[in-house]
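# Descriptive analysis of the structure
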Amino acid sequence: MSDWPLWEVFVRSKGGLAHRHFGSVHAPDAAMALRHARDTYTRRMEGVSLWVVRSADIVASDPDEAGQLFEPAADKVYRHPTFYDIPDEVKHI
Amino acid sequence: MPSLPPIRPEDVATAEKIRPDGAFDAPSDAHDPVRAGYLLRLGDDSLILGQRLSEWCGHAPSVEVDLSLANMALDLIGQATLLLGEAGDADSLAFKRDVLDFRNCWLVEQPNGDFARTMVRQLLFSTWQHMLYQRLTGSRDEALAGIAAKAVKEVAYHRELAAEWVIRLGDGTEESRERTLDGLGWCWRFVPELFEVDDEVEQAVAAGIAADPREFEAEYRAEIARVLGEAGLPVPNDQRPILGGRRGHHSEHLGHLLAIMQYLPRTYPDAKW
Amino acid sequence: MYTTELSKQPNVQSIEDPERLAAFEARVAADEFIEPKDWMPEAYRRTLTRQISQHAHSEIVGMLPEGNWITRAPSLRRKAILLAKVQDEAGHGLYLYCAAETLGTSREEMIEALHSGKAKYSTIFNYPTLTWADIPAIGWLVDGAAIMNQVPLQRTSYGPYARAMVRVCKEESFHQRQGYEAMTSLANGTPEQKRMAQDAFNRWWWPSLMMFGPPDENSPNTAQSLRWRIKRETNDELRQKFVDITVPQAEYLGLTVPDPDLKWNEAKGGYDFGAIDWDEFYAVVRGEGPVARERMTARREAWESNAWVREAAAAHEAKRRQRAAA
Ligand SMILES: [Fe+2]
Ligand SMILES: [Fe+2]
Ligand SMILES: [Fe+2]
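The structure reproduced in this document is the subject of the present report. (Residues numbered from 1 in each chain as written. Chains lettered and ligands numbered in written order. Predicted model: local features only at pLDDT ≥ 70, side-chain atom pairs only at ≥ 80, totals over all residues. Heavy atoms only, no water.)

### Description of the coordination of the iron ion (ligand 3)
All names here are of chain C. Going by this rule: Metal donors were taken as nitrogen, oxygen and sulfur atoms no farther than 2.8 Å from the ion, or 3.2 Å where the ion is Na, K or Ca. Water is excluded, so coordination may look unfinished. Only DSSP runs of H or I with at least four residues qualify as helices, and only runs of E with at least two residues qualify as strands; both kinds are numbered from the N terminus onward. Remark: exposure states derive from per-residue accessible area (1.4 Å probe, protein chains only) relative to the maximum for the residue type, with buried under 20%, exposed over 50%, and partly exposed in between.
Each protein donor to the iron ion (ligand 3) is listed here as Glu59 (OE) and Gln150 (NE2); together their distances run 2.1 to 2.2 Å. Separation of the iron ion (ligand 3) from the iron ion (ligand 1) amounts to 3.1 Å, with glutamate 59 serving as a shared donor to the pair. Taken together, the positions of glutamate 59 in helix 2 (residues 42-61) and glutamine 150 in helix 6 (residues 134-153) put the pair 91 residues apart, joining distant regions of the chain. Since its relative accessible area comes to 1%, glutamine 150 is described here as buried.

### What about the interface of chain C and chain A?
Accessible area lost when the parts come together is the quantity often used to give the size of an interface. Basically, it comes down to this: Any two residues having at least one pair of non-hydrogen atoms within 4.5 Å are treated as being in contact. Here the buried area means the combined drop in accessible surface, using a 1.4 Å probe, for two parts upon being joined, counting both sides. What makes a salt bridge here is a side-chain nitrogen of Lys or Arg within 4 Å of a carboxyl oxygen of Asp or Glu, nothing more. Two N or O atoms count as a polar contact when they lie within 3.5 Å, although within protein this holds only if one can serve as hydrogen donor and the other as acceptor, and sequence-adjacent residues are included solely when both atoms are side-chain atoms.
Across the contact, 24 residues belong to chain C and 21 residues belong to chain A. For the pair chain C and chain A, the summed buried area comes to about 2000 Å², and 47% of that belongs to carbon and sulfur atoms. On the chain C side of the interface with chain A, the three residues burying the most area are Lys37, Arg167 and Arg310 of chain C, jointly 25% of the side's total. Here chain C and chain A share six salt bridges between them. Ionic pairing is found between arginine 107 of chain C and aspartate 3 of chain A, a salt bridge with its closest N-O pair at 3.0 Å. Between the two partners, chain C and chain A, sit eight residue pairs in polar contact (both at pLDDT 80 or more).

### A few points about the coordination of the iron ion (ligand 2)
For a metal with four tetrahedral donors the ideal donor-metal-donor angle is 109.5 degrees, whereas six octahedral donors ideally subtend 90 or 180 degrees. Residue and element names in this part refer to chain C. Taken together, the protein donors to the iron ion (ligand 2) comprise Glu89 (OE), Asp143 (OD), Glu172 (OE), Glu172 (OE) and His175 (ND1), at separations of 1.9 to 2.5 Å. Binding-site remark: the iron ion (ligand 2) is held by donors from one chain whose sequence spacing is E-x53-D-x28-E-x2-H. Between the iron ion (ligand 2) and the iron ion (ligand 1) the interatomic distance amounts to 3.4 Å, and glutamate 89 serves as a bridging ligand to the pair. Placement of both glutamate 172 and histidine 175 in helix 7 (residues 159-187) is noted, with a separation of three residues, approximately one turn of the helix. Both residues of the pair, glutamate 172 and histidine 175, belong to the buried class.

### Notes on a nonpolar patch on the surface
Residue and element names in this part refer to chain A. Keep this limit in mind: Only residues whose relative accessible area exceeds 30% and that form no salt bridge are eligible for patches; like-charged ones are grouped when within 9 Å, while nonpolar side chains (Val, Leu, Ile, Met, Phe, Trp, Tyr) are grouped when within 5 Å. Shrake-Rupley sampling with a 1.4 Å probe provides the accessible areas, and residues are treated as covered by the protein chains on show and by no other component.
On the surface, a nonpolar cluster with roughly 720 Å² of combined accessible area is contributed by Val77, Tyr78, Phe83, Tyr84, Ile86, Val90 and Ile93. Its place among the elements puts isoleucine 93 in the segment after helix 2 (66-70). Of the residues examined, isoleucine 93 reaches a relative accessible area of 79% and is grouped as exposed.

### Considering the packing of aromatic side chains
Put simply, the rule is: Ring geometry is summarised as follows: Phe, Tyr and Trp rings, the Trp one being its six-membered ring, pair when their centres sit within 6.5 Å, and such pairs are stacked at plane angles under 30 degrees, edge-to-face over 60 and tilted between the two. Criterion for a charge above a ring: Arg CZ or Lys NZ at most 6 Å from the ring centre, at most 35 degrees from the ring normal.
A complete count under the given rule lists 26 aromatic pairs over all chains for this structure. Aromatic side chains phenylalanine 24 of chain C and tyrosine 44 of chain C sit 4.9 Å apart centroid to centroid with 70 degrees between the ring planes, which places their arrangement in the edge-to-face category. Linking phenylalanine 24 of chain C in helix 1 (residues 18-29) with tyrosine 44 of chain C in helix 2, this pair joins segments that are 20 residues apart in sequence. Accessibility classification places phenylalanine 24 of chain C together with tyrosine 44 of chain C in one group, the buried group. Each ring, one from tryptophan 140 of chain C and one from tyrosine 180 of chain C, has its centre 5.4 Å from the other, and the planes form 70 degrees; the classification is edge-to-face. Within this pair, whereas tryptophan 140 of chain C is found in helix 6, its partner tyrosine 180 of chain C is found in helix 7, the two being separated by 40 residues in sequence. Side by side, tryptophan 140 of chain C and tyrosine 180 of chain C carry an identical accessibility label, which is buried. Connected via pairs of aromatic rings, a cluster forms that spans Trp140, Tyr180, Phe201, Trp205, Phe212 and Phe242 of chain C. Positioned over the ring face of tryptophan 186 of chain B is arginine 189 of chain B, at 5.0 Å from the centre of the ring.

### Focus on the packing of helix 6 (residues 115-136) of chain B against helix 7 (residues 142-170) of chain B
Residues and elements named next belong to chain B. Note the cut-off: What counts as an axis is a line fitted to C-alpha atoms, over the stretch in contact for a helix, and the angles between N-to-C directions run from 0 to 180 degrees. Note: crossing handedness is left-handed where the near helix turns anticlockwise from the far helix by less than a right angle, and right-handed where it turns clockwise. Amino acid classes used here: Ala, Val, Leu, Ile, Met, Phe, Trp, Tyr, Cys and Pro are nonpolar; Asp, Glu, Lys and Arg are charged; the rest, including Gly, are polar.
Where helix 6 meets helix 7, the axes come as close as 7 Å, and the angle between the chain directions of the two elements is 145 degrees. Read as a crossing pair, helix 6 and helix 7 show a hand that is left-handed. By residue class, the composition of the contact of helix 6 with helix 7 is 20 nonpolar, seven polar and one charged.

### Focus on the layout of surface pockets
What counts, and what does not: A pocket, in this scheme, is an open set of points on a 1 Å grid over the protein atoms alone with protein on both sides within 12 Å along at least 5 of 7 lines, while a cavity is a set where a 1.4 Å probe fits but cannot get out; residues line either one if an atom lies within 4 Å of a point. Grid points are joined across faces, edges and corners, and a volume is the space filled by probe spheres set on the points.
One number sums up the size of the largest pocket: a volume of about 960 Å³. Elements with a contribution of two residues or more to the lining of the largest pocket: strand 1 (6-12) and strand 2 (20-26) of chain A together with helix 4 (76-101) and helix 7 of chain C. Sort the elements by how many residues they give to the lining of the largest pocket and helix 7 of chain C lands first, with six residues. Estimates place the volume of the second largest pocket at around 520 Å³. Taken together, 19 residues line the second largest pocket, and the ones lying closest to its centre are Arg38, Thr42, Arg43, Arg44 and Met45 of chain A. Residues belonging to the lining of the second largest pocket are distributed by class as follows: seven nonpolar, five polar and seven charged.

Have a look at this one:
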């Protein structure tokens, strides 16, 4: 082996926002992965907090199952506020 | 650049103390030779080490490490720009002085060698610089205190990164351990110079501009011993101290570094870039 | 450019499930993004891997010609700008390698392909940076040409590639400007500086035009790449755009474009320009550029002579885990 394992990098851009996937780095271990993430992805003040996780440890859903996983949600229109008719005169609902 | 601080009576007193001829000058002015001399030491340390680190660009052990090294070099060049700018015209100081007028320590002008030597050099320097700059944030000189406050965060990162690397290399493979020991052997001679206090520093300390490095020498040695311990490396035996950089007496390496760095402004003295 | 100039492999249509292929083509045609775990035709995967890794190699090898001047930059400001710029290129290489890795090839394999000469990179980086003026010239012309190619790739069909290009384009925005600004100092400078500027312009102009790749009629994959949204404009379209934008910028600096056939064509609303020396281009593609050997030697040396560092850090981590487990 001559290159280091791959890590996924998540950056919180500013307080109040969630960490978002930014990209990846190669690093020998977790501490170095954080340093590499900092030196790669926050050179322009892009972040206030970092997460790194080994790419191999990410569990992802199977795109072939996207149909059964996500399409059943499509007809649950009653979950959306715009589904309901409320007379205009009624306020604060 | 920060503007000049207001003149206070105690500053006048200090200024008179340092300038026995009694000539009045604003206490934080660049014409104060003690202040300027001290700024040159700090600025030259950052400049020369930044120049050295930038030699790695495009040649580091991995792309990620290339980015790390460039970040450190950029921090150092930024510090040099501010510090030399306080001492005079930053560019003419960087590009128009010859070796005898450079005030940096021997450690920073040492060639990069391999990655192990580069990281040992960084650990030895950044740990010292960090402890010094922590104190300089309280300097009576507001401009210097401001620069130190900004730089101290950069340097804290350099110090930690270098320590992490020395630990990995010292406690990595047999080869990396050997190389780290070599780097340590190469650089150790230059540590005493970091703690040397000559008349100039003494005066700057007395003026409240500088910090006395002897105050943190024990702390420094303990910290280096801790990192080396974690790296499974012995603390080297003290060698005969190599001194002189602060008075312009450098290794042979600095002249070559300057020949490269200064070639354009010297070849085309009238040009603006 | 980094991405289009070298795509000369024949149109491979491997045998795929026609239904899945049709569904894939429909998604791409609808400007949907393809993500790493999605089904994709083998030829798409292969073409993209080649294109993205070639782009990554170009960013990394491209650090060398400019890196050649970091230690000699003529002012502290120029030194910091140049170092930050070259560092950005390292970042671009890194983002792009990571994007390519999502297609199933490891970075190490890609790097080894580069070092063995199997993988290509942009021809432009096989020319030497002779004087300081080459630095402004590269920022202005080479990054300028690169931006022109990269902006449309932010909407390329492969998600990780598109996202990498968004980041790259954001960072690129200062590269060309710093180049042009530095060129302005030279063009308004001493006679020696003016001479340097014109000489650099003369040397970088034609290779910059070549960066857009062979003419469309010799670019067999263009149609498929356009259909797959891994290329969004043809080589000749981009080249014309570059000439039209750059010539007035050169005139503003008082530089002479080294092309006696260059003239404004009112009817087409663009410049006509002289014939490009494609023999030169293909020679450089074959690895016969003036400093091709120097570039590959430097890259191989950086990778191989520092292998012990990567091994040491990995060994340290293995020991640490062992100790933690004990
Ligand atoms: Fe780039
Ligand atoms: Fe660029
Ligand atoms: Fe690029």
